[in-house]
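Coordinate inspection notes
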Amino acid sequence: MIELKNIKSENQKIVTENKRLSEEVDLLKSKIDEIEQNNLGISLNITGIPKTQNENCKLIVEEISKKTNTTIDVIEAYRINSSISKRSLIVAKLATLKMRKNLIRNVKFNKLTADKMNNGWPKENIYMNERLTKLRRTLFYQTKVAATTKEYKFVWLSNGDILVRKNENSKIVRIKSSQDINNL
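Computed from a prediction, not measured in an experiment: that's the story for all the values here.

**Details of the pattern of salt bridges**
The tally for this structure, following the rule as stated, stands at ten salt bridges. When the shortest N-O distance is used, the salt bridge between Lys153 and Glu168 registers 2.6 Å. With Lys153 in the loop between α5 (134-149) and β5 (154-158) and Glu168 in the loop between β6 (161-165) and β7 (173-175), the pair connects residues that are 15 residues apart, well separated along the chain. In this structure Lys153 comes out as exposed when scored by relative accessible area, which is 52%.

Written out as structure tokens, the structure is:
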């Protein structure tokens with residue numbers, strides 16, 4: 001009987017320790033994600049630009065900035081194939097956060113299409129977004145799905161933060177985890 005009591009006590013200690021360690025791992029994952037997102041802070045994704053032979057992605061980004069009347073300094077730009085969609089995207093790293101914000105805003109405002117960049121390209125919308133870590137991309141997607149279900153009108157990104165708002169008069173809610181989505 002005493003042995004069973006000892007086993008139960010030891011089991012409870014293990015369960016408590018396991019819970020504490022799980023919480024610590026979640027906290028560390030969150031901190032790592034925050035650091036990774038900060039490193040991506042001046043980067044953006046561009047979709048809607050057809051892939052061409054011998055393309056110079058840096059020049060393409062600079063041309064987008066000219067078409068939208070935005071002053072930028074491109075540190076680097078390259079194309080990657082997306083595992084999610086069949087379309088590839090261009091990743092660009094700009095010199096400052098302000099340049100990134102202005103370029104994203106101006107591309108949306110001007111409703112830029114590929115044919116405006118090159119007459120030989122199709123009339124496909126060009127989309128520009130903040131670059132997110134894998135964890136935040138997944139969380140953003142889950143937030144958009146939940147927001148639709150729960151009739152939230154606004155879901156957007158601001159400096160890597162996922163923000164939602166039920167309507168124009170409601171308060172803005174920051175989404176940091178799946179639990180935050182469940183609490184909407």
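**Looking at the UniProt feature "coiled-coil region" (unreviewed entry) in the protein**
Taking the UniProt record as the reference, the feature "coiled-coil region" (unreviewed entry) is found at residues 4-38. Counting secondary structure, residues 4-38 comes out at 100% helix and 0% strand; the distance between its end C-alpha atoms is 51 Å.

**Re the environment of Val145**
Structurally, the position occupied by Val145 is in helix α5. Remark: the alpha-carbon pair of Val145 and Glu130, spanning 15 residues in sequence, is separated by 19 Å.

**Observations regarding the sheet that holds β6**
Sheet architecture is open: three strands sit in the order β5-β6-β7, paired in antiparallel fashion. With partners counted over all chains shown, the strands left at the sheet margins are β5 and β7, one partner each. Along the sheet, successive strands turn relative to each other by an average axial angle of 35°, direction set aside. Two strands pair when backbone bridges link them, and β6 and β7 are joined in this way by three bridges, in the antiparallel orientation.

**Focus on the environment of Ile175**
As for its placement among the helices and strands, Ile175 is situated in strand β7. On the basis of relative accessible area, Ile175 is assigned to the buried category, the value being 4%. Separated by 32 residues in the primary sequence, Ile175 and Thr143 have C-alpha atoms spaced 7.8 Å apart. The contact partners of Ile175, leaving out residues within four places of it in the chain, are Leu139, Thr143, Ile162, Val164, Asp180, Ile181 and Leu184.

What counts and what doesn't
- Residues numbered from 1 in each chain as written.
- Predicted model: local features only at pLDDT ≥ 70, side-chain atom pairs only at ≥ 80, totals over all residues.
- Heavy atoms only, no water.
- Salt bridge = Lys/Arg side-chain N within 4 Å of Asp/Glu carboxyl O.
- Helix = DSSP H or I, 4+ residues; strand = E, 2+ residues; numbered from the N terminus.
- Buried < 20%, exposed > 50% of the residue type's maximum accessible area, 1.4 Å probe, protein only.
- UniProt positions renumbered as here; feature names shortened; annotations may be inferred.
- Pairing = 2+ DSSP bridges.
- Axes fitted to C-alpha atoms, helices over the stretch in contact; angles between N-to-C directions.
- Contact = heavy atoms within 4.5 Å.

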